[in-house]
Amino acid sequence: SAVISQKPSRDICQRGTSLTIQCQVDSQVTMMFWYRQQPGQSLTLIATANQGSEATYESGFVIDKFPISRPNLTFSTLTVSNMSPEDSSIYLCSVVSGFGYTFGSGTRLTVV
Amino acid sequence: GNSVTQMEGPVTLSEEAFLTINCTYTATGYPSLFWYVQYPGEGLQLLLKATKADDKGSNKGFEATYRKETTSFHLEKGSVQVSDSAVYFCALSDPPSGTYKYIFGTGTRLKVLA
């Protein structure tokens, strides 16, 4: 299955700033997915990132808040913009492999 | 819409005890069912899966059987170890929708005591 390198692993950010999270996959994949895991809760899909087209956002998530780039088939970034304490979560990228989803190790974001 | 319901945790067991974590689902179509595990400080890892009714997924001593009649996919292990302490997520995907979207349960934290 694919191996995903995600960074940063954690960060503490000031409100009003932005953070960009990167995911690098060791093989070419068509779709990459970005999830949010809020404290004590399950995973929620933010958006699907396809190479060569705009990301598709789920209900409740907008491009201005969570812009996504997908410049090639092995890389994607998610930016959390104009952060507030409510954005404190774990953010994970994932890809579909033959057996299911493979997840990055996650980025633990704390906004103060 | 589709949904996954897991038993609430935390679940605390002694080493070598029998584990059951309940998971039931609601779905249109015929979803695939998954269990993911998240060890402390790590990302999610696929534990096992089943793609059709009566399939049994198994890995690392864990098992789960896809029960269409009861819409369940309960996770079991006969003898847990301290190293099994983690959060376990039940999930479903609905391939006929063509979106590969996953719906996750809320997770069940397992703590195994030596």
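### With respect to the interface of chain A and chain B
Then, in step 1: Chain A puts 18 residues into the contact, and the matching count from chain B is 16 residues.
Then, in step 2: Interface area for chain A against chain B, summed over the two sides, is near 1400 Å², with a carbon-plus-sulfur share of 61%.
Then, in step 3: The tally of links between chain A and chain B comes to zero salt bridges.
Then, in step 4: At the junction of chain A and chain B, the tally comes to two residue pairs in polar contact (both at pLDDT 80 or more).
Then, in step 5: Among the elements that line the side of chain A that touches chain B, the one with the most residues is strand E4 (residues 31-37) of chain A, at four residues.
Then, in step 6: When its residues are assigned to classes, the side of chain A that touches chain B shows ten nonpolar, seven polar and one charged.

### Concerning the state of the cysteines
Then, in step 1: Taken as a whole, this structure holds two disulfides over all chains when the rule is applied.
Then, in step 2: Cys23 of chain A shares a disulfide with Cys93 of chain A; S-S distance 1.7 Å. Sign of the S-S torsion, about -90° for the bond between Cys23 of chain A and Cys93 of chain A, identifies this disulfide as left-handed. Here Cys23 of chain A, found in strand E3 (residues 19-25), pairs with Cys93 of chain A, found in strand E9 (residues 89-97); they are 70 residues apart in sequence, far enough to count as distant. Across the pair, Cys93 of chain A and Cys23 of chain A agree in class, each one buried.
Then, in step 3: Residue pairing for Cys23 of chain B: its cysteine sulfur links by disulfide to Cys90 of chain B, the two sulfurs lying 2.0 Å apart. Looking down the S-S bond of the Cys23 of chain B and Cys90 of chain B bridge, the torsion is -70°, so its handedness is left-handed. Of this pair, Cys23 of chain B sits in strand E4 (residues 23-26) while Cys90 of chain B sits in strand E10 (residues 86-93), and the two are 67 residues apart along the sequence.
Then, in step 4: Its sulfur unpaired, Cys13 of chain A is 16 Å from the next cysteine sulfur, which belongs to Cys23 of chain A.
Then, in step 5: Look at Cys13 of chain A and you get buried, because its relative accessible area is 8%.

Procedures and definitions
- Residues numbered from 1 in each chain as written.
- Chains lettered and ligands numbered in written order.
- Predicted model: local features only at pLDDT ≥ 70, side-chain atom pairs only at ≥ 80, totals over all residues.
- Heavy atoms only, no water.
- Contact = heavy atoms within 4.5 Å.
- Buried area = accessible area lost by both parts, 1.4 Å probe.
- Salt bridge = Lys/Arg side-chain N within 4 Å of Asp/Glu carboxyl O.
- Polar contact = N/O pair within 3.5 Å; in protein donor to acceptor, adjacent residues only side chain to side chain.
- Helix = DSSP H or I, 4+ residues; strand = E, 2+ residues; numbered from the N terminus.
- Nonpolar A, V, L, I, M, F, W, Y, C, P; charged D, E, K, R; others polar.
- Disulfide = S-S within 2.5 Å.
- Buried < 20%, exposed > 50% of the residue type's maximum accessible area, 1.4 Å probe, protein only.

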